[in-house]
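# Structure assessment
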Amino acid sequence: MADKHSNQTPEMPTSSDHSPLPCPFTKSYPSELNKDDYYYMQLALNEAIEGWKEDEVPIGAIIVIDGKIVAKAHNRRDSLKDPTAHAEMIAITQAASAISDWRLNAATLYVTKEPCPMCAGASIMSRLGRVVFALEDNKMGCLGGATDLNILGGSNHRCEISAGIMREECLQIIQAYFQAKRGAQ
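Residues numbered from 1 in each chain as written. Predicted model: local features only at pLDDT ≥ 70, side-chain atom pairs only at ≥ 80, totals over all residues. Heavy atoms only, no water.

### Quick word on the nonpolar core
One finds Ile63, Tyr110 and Leu128 to be the most contacted residues of the largest nonpolar core, which totals 53 residues. Among the secondary structure elements, those contributing two or more residues to this core are helix H1 (37-53), strand E1 (60-65), strand E2 (68-74), helix H3 (87-99), strand E3 (107-113), helix H4 (117-125), strand E4 (130-135) and helix H5 (167-183). Counting residues per element, this core draws most heavily on H1, which supplies nine residues. (Core = buried A, V, L, I, M, F, W, Y, C linked by side-chain atoms within 4.5 Å. Buried < 20%, exposed > 50% of the residue type's maximum accessible area, 1.4 Å probe, protein only. Helix = DSSP H or I, 4+ residues; strand = E, 2+ residues; numbered from the N terminus.)

### Some remarks on the packing of H3 against H4
Packing of H3 against H4 leaves a shortest axis separation of 9 Å and a crossing angle of 25°. Between H3 and H4, the interaxial angle falls into the category roughly parallel. Two packed elements cross with a definite hand, and for H3 against H4 that hand is left-handed. In contact with Glu88, Met89 and Ile92 of H3, H4 contributes Met118, Cys119, Ala122 and Ser123. Looking at the contact of H3 with H4 residue by residue, the classes come out as five nonpolar, one polar and one charged. (Axes fitted to C-alpha atoms, helices over the stretch in contact; angles between N-to-C directions. Parallel < 35°, antiparallel > 145°, perpendicular 65-115°, else oblique. Left-handed = near helix turned anticlockwise from the far one by under 90°. Contact = heavy atoms within 4.5 Å. Nonpolar A, V, L, I, M, F, W, Y, C, P; charged D, E, K, R; others polar.)

### Thoughts on the packing of aromatic side chains
Here the structure, examined in full by the defined rule, presents five aromatic pairs. Measuring from centroid to centroid gives 5.6 Å for Tyr177 and Phe178, while their planes differ by 70°, and the two rings are edge-to-face. We note that Tyr177, like Phe178, is buried. In this structure an aromatic cluster arises from ring pairing among Phe25, Trp52, Tyr177 and Phe178. (Phe/Tyr/Trp six-rings, centres within 6.5 Å; stacked < 30°, edge-to-face > 60°.)

### Thoughts on the pattern of salt bridges
Pairs may arise between side chains of opposite charge once their charged atoms sit close together. In the structure shown here, the tally under the stated rule is 11 salt bridges. Notably, a salt bridge pairs Asp137 with Lys113, separated by 2.7 Å at the nearest N-O pair. With a gap of 24 residues between them, Asp137 in the loop between E4 and strand E5 (160-163) and Lys113 in strand E3 connect regions that are remote in the sequence. Between Arg167 and Glu136 there is a salt bridge, with its nearest N and O atoms 2.6 Å apart. Taken together, the residues Arg167 in helix H5 and Glu136 in the loop between E4 and E5 connect sequence positions 31 residues apart. In this structure, Arg167 and Glu136 share a single accessibility class: buried. Connected through salt bridges with shared partners, the residues Lys27, Glu50 and Lys53 form a single ionic network. (Salt bridge = Lys/Arg side-chain N within 4 Å of Asp/Glu carboxyl O.)

See below:
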């Protein structure tokens, strides 16, 4: 993890203007020959790009079980007018529906930014086996950034955590999005 005071994710300015800004990032199409953490994080980043195109904060998530993608999502908070419509929450719901079970022990969540308190809690409560995130969030991240819900005493589940996969690429899209939003005001 990085120092708690460096590279903090900027806050989105509040604005009544929700006109989409052109997204300067393009999707990647990674080879399926090596389905590793990097491969799946590229797909999560593709979801973040979709979020930008819908004028949502560009955070994307993928959930994988036994090498198969069972869920993919991006933030939809503004479009759905739902404060819980974070990429991770949507993906967790999709994955549980796909396997007809709320227990996601065999699943890995790939997400472009460290989960917030709500999403970290949902990751633990859904018993995700593993959470892989690209960019730490020293302000609101709750799997090691600002705090770590994964180490709460008395919890009956802990997720395996991996951080830093494609960190720079995911930092770039978030920073560019907020810069574009601020420039549009």
